[in-house]
Amino acid sequence: MSKVEQKKEGGMDRRSFFRAGSGAAVAAATVVATGAEPAAAAESASERTKARYKETEHVKTFYRVNRY
Amino acid sequence: MLTKRKEAVASRARLSGLAAGLASGVLDRRSFLRRSGLAAGGVAAIGSLSLGAVRKAEAGPVVAGVKSEIKKNVCTHCSVGCGVVAEVQNGVWVGQEPAYDSPINRGSHCAKGASVRELVHGDRRLKYPMKLVNGEWTRIGWDQAINEIGDKMNEIRAKSGADSVYWLGSAKFSNEGAYLFRKLGAFWGTNSVDHQARICHSTTVAGVANTWGYGAQTNSYNDIRNAKTIVFMGSNAAEAHPVSLQHVLSGKEINRANMIVLDPRFTRTAAHATEYVRIRPGTDIAVIWGMMWHIFKNGWEDKEFIAQRVAGMDLVRAEVEKWGPEETERVTGIPGDQLKRVAETFAKQRPSTFIWCMGGTQHTVGTANVRAYCNLLLATGNVGVFGGGANIFRGHCNVQGATDMGLDITSLPLYYGLVEGAWKHWARVWEVEYDFLQARFDEVPAKSGRPARTRKENMELPGIPSTRWFDATSFKSDDVDQRDSLKAMMIFGHGGNTVPRMPDMVKALEQLELLVVADPHPTTFSAISGRKNGTYLLPICTQFETEGSRSASNRSIQWGEKVVNPIFESKDDYEVIYRFATKLGFADKMFKNIKVENNRPVPEDILREINRGGWSTGYSGQSPERLKAHLRHREKFDLVTLRAPADVPEVGGDYYGLPWPCWGKPEIRHPGTHTLYNTNLHVKDGGGTFRARFGTVYEDKKADGTSTTYNLLAEGSYSKGSELTDGYPEFTYGILKKLGWDKDLTEDEVATITKIGGANPDAVGWAIDLSGGIIRVCLDHGVLPYGNAKARAAAWNLPDPVPVHREPIYTPRVDLVAKYPTRPDGRQFRMMNAGFSVQKAAIEKGIAKDFPIILTSGRLVEYEGGGEETRSNKWLAELQQDMFVEINTADAAQRGIADGGWVWVSGPENKSKAKVKALVTDRVGKGVAFMPFHFGGWFQGVDQRGNYPKGTDPIVLGESVNTVTTYGYDPVTGMHEGKVTLCQIQAA
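Predicted model, so just to flag it, every value in this text is computed and none were measured.

Q: So what's going on with the overall build of chain A? Residues and values would help.
A: Each helix and strand in chain A was counted, giving five helices and zero strands. Listed N to C, the secondary structure of chain A is α-α-α-α-α in terms of helices and strands. Restricting to contacts in chain A with at least 6 residues of sequence separation, those with at least 24 account for 26%. Entry remark: accessible area of chain A is about 3,800 Å², with carbon and sulfur atoms responsible for 57%.

This is the structure in structure tokens:
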């Protein structure tokens, strides 16, 4: 079963699921960084691997409390 | 298996149809969850929402307009102690925020910590008490369960004695739960009370305590940021203690620190190292002596430190001389020039810290390994300084605390031991008669030529280690040195797949008259055997569903708030222990000074009792009020020093979590001790010296009639501000008098000391002075109540006073066994340890030819311990769907084994075998295989999913590595050999 078929079936990939489903994933800063994007848009392979880093408030807080 | 998640295609190829049993198939995430029966819950519910609804739900399932409460707790997985911030609405845990305020994790979590909320959503949790009736799991109520179990225990006690019931506790208890469980064992009348420390760091505790006084990590995770050289040996912290790496990698980056990893396997930790050293499993002592050979040869040792603070280093030097580069390379496989470079770096680029884990401890020579590590630190003057020290990373979230609380077959709480003075101390704290406690113990008749034991002798004798309870069950009564063999196991929070020789364990399980498993999840114990009756499962809640304190690896004690009420019919440990004490008839005595509300002892009150008795280890100053203040002010504590600025209300000047020792009563406000044995600080600032635990002198008598006397007190070294500027013994009332310091005691303190001392008050020591006066006065004079001693390079009371290399029992290097044999057989912990005979038989049978591959074991980041809890967590289960074996590319090619294919791993005992997937990789060297130890639920190729009560089977099942691991026990602690055995691997 390919990734594309999977999305057709359920409408969500792993990343979107975490974003929508739970605060449990917030700790990983990169996941948080995508938090403002629409949930269910299908992604091409290149979109999926593009750089997603954004300096959100969460990320800035992480840097501050860890003295980076 | 360790797979690269980005490459979805590559990783899918390795997924198996685990939910469908043994049939192999390819499963993507969605099918995985659906076939695991998970899709009925969250996934399907969210998947069916319209896109608009999904967008609205972005912040999580938090309901708008409903009041949210924030609850702070601590991750219940590893010993790092990451803060957890839970958002609760209407009693439901709806969200989790990063714990930016915790100085330990500062907003980070690993996969386990990020998914802890699932523990209390718990669709795989044990929901109500159950019992096995003719092989069928049957729901029962709590009252019936406690009544039936209690009646059976009393029946066994009458017939076979108190020692026939084994109390296996847990590193998942809070400190208060662990303490109560130990107390329950004492009131029941047995010393067979144990927990996971037996199988992870019992050898560490014995090794370091026998070297310099206390059995714990000397520094902290945070303090590694100060190190210039960081050595990991037998530690894969990147997976076992993921958030600790945050501190390590920051230190490495900021200080340009050297990071050296010595391990048989190129681990994820090794991937970050500046130097990786591959060793042959089981040769740690040879490696350390090989390093010290270069250090002594080149004069890189710290001569002043050794002269002032170490006894017996000359004996170590004599042993080290045997380990020149040639012999070291012959035994360990490490090239000579590499080890010289590592030794030079460690000795010269200080401060250097040495980190070890179960790769070092889980051996027949575990205690000796630990003492070799300590000697390397002592020779280079790296103990008692910031950035240095023995940074022992412990395992479970409260394994340090549970050890401190005496869930240990050799000690009462807080390391008082089992001697008469210890029992009398705790009898005074508990306000029960010493004679009552003694009367609870068995008289042991003479058996097989061994003398009889009185009740008093029996109460002072260590119990049976958890690594061998099944031997104590299946051995004939005459072979177990107690009244009768084991008949009942009371297992609170301990997995059944954690100890080698599982085929032997299964046979013993079937012989037990009573098996009680009290746990949030039914563990391997409940599914693996063919038991039909006499088996009970009691649902216990997690630490997120109750309150209490837990001690992280660095000795910091953190209070956890209740996030939600216990789910389903589960109860917390406190209540269940109280109910058993009530049923067994001693609750009134046991809870004399502990408030009980609705059958539930109040945890704050339990901690106050611990404070009242815990002088020896400095567990006296951490009152519930102080710990809760630390929780409130978490963000005030410094990331590196762990200290709060002096002007902060409530916690100013404290180290985070009041790491023990936190001396004296809470009101004197000792700040705790960040770094043990640090003479650069005043004792009131957390300074210290090595503990004078072994007298003042030692006379080493040699076989030729001569003897050498060693001064065990420090010489010219003392902690900052000390009024005594040389070594001194531990304090008693008598010594205070000699110094004229007794006049500083208050009248009440003197009255208490006099009452305890009776006819001889001068002999009352600091650790049993319930007034805390001796400690208080010591602090005022700048001295340590426990004395100022030298560390012991040679521990004369242990089997090998100076560690010597000994080949593993099952070694591929049979050529080395004659020169480096394992220790002779001997009776330890009430049974025969026949390691020597087993090693000899293995050589005679040519086991190394038939089983040519070394098998070692370890952790994965996604799972923890026996793994039932984490394998029942869908977010984690998805990430590791299969049990596997890492096999070297050359070994795989030779056997026609393909990456991802099924193989049989067979072991040299019991014709044991395990069916797992092959991960073909050069992470392991040629001739070495690795298996993770978190799996269970398959046994020798058979899927046992149907044996769990319906709906409680973990999502992921797999073979346990301990099905094929083998015999071997450390003589000092009974630790099993979990890291070196032999196996054969064939394509299935």
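Q: Which residues make up the pairing of strand β22 (residues 707-711) of chain B, and what are the values?
A: Residue and element names in this part refer to chain B. Sheet topology places strand β21 (residues 697-701) next to β22; five bridges connect them, and they run antiparallel. Within β22, the residue paired with D700 across the bridge is T708. Hairpin connection from β21 to β22: five residues lie between these consecutive antiparallel strands, with G705 at a positive phi of about 95 degrees.

Q: An account of the pairing of strand β15 (residues 514-519) of chain B is requested, with residue identities and associated values reported.
A: Residue and element names in this part refer to chain B. Among the six residues that make up β15, six are buried, leaving the element largely enclosed by the rest of the structure. Side-chain alternation along β15 places L514, V516 and A518 on one buried face and L515, V517 and D519 on a second face that is also buried. Bridge analysis of strand β14 (residues 488-492) against β15 gives five bridges, and the strand direction is parallel. Counted as the bridge partner of A488 is L514 from β15. Examined bridge by bridge, β15 and strand β16 (residues 535-539) share five bridges and lie parallel to one another. The partner of L515 across the bridge, within β16, is T535.

Q: Lay out the nonpolar core with the relevant residues and their values.
A: By size, the foremost hydrophobic cluster in this structure holds 155 residues, and its most contacted members are W212, W289, M292, M313, F354 and W430 of chain B. Formed by 46 residues, the second largest nonpolar core is a distinct cluster that contains I199, V506, F851 and V924 of chain B.

Q: Outline the sheet that holds strand β9 (residues 258-263) of chain B, listing residues and values.
A: All names here are of chain B. Reading across the sheet, the five strands line up as β10-β9-β8-β12-β13 and stay open at both edges, with parallel pairing between neighbours. The sheet is open, and its two borders are formed by β10 (275-278) and β13 (389-392), each paired with just one other strand. Within the sheet, the average angular offset between the axes of one strand and its neighbour, ignoring direction, is 20 degrees. Sheet topology places strand β12 (residues 352-356) next to β13; four bridges connect them, and they run parallel. Its bridge partner lying in β13, W356 is registered against I392.

Basis of the calculations
- Residues numbered from 1 in each chain as written.
- Chains lettered and ligands numbered in written order.
- Predicted model: local features only at pLDDT ≥ 70, side-chain atom pairs only at ≥ 80, totals over all residues.
- Heavy atoms only, no water.
- Helix = DSSP H or I, 4+ residues; strand = E, 2+ residues; numbered from the N terminus.
- Contact = heavy atoms within 4.5 Å.
- Areas by Shrake-Rupley, 256 points an atom, 1.4 Å probe, with all protein chains shown as cover.
- Pairing = 2+ DSSP bridges.
- Buried < 20%, exposed > 50% of the residue type's maximum accessible area, 1.4 Å probe, protein only.
- Core = buried A, V, L, I, M, F, W, Y, C linked by side-chain atoms within 4.5 Å.
- Axes fitted to C-alpha atoms, helices over the stretch in contact; angles between N-to-C directions.

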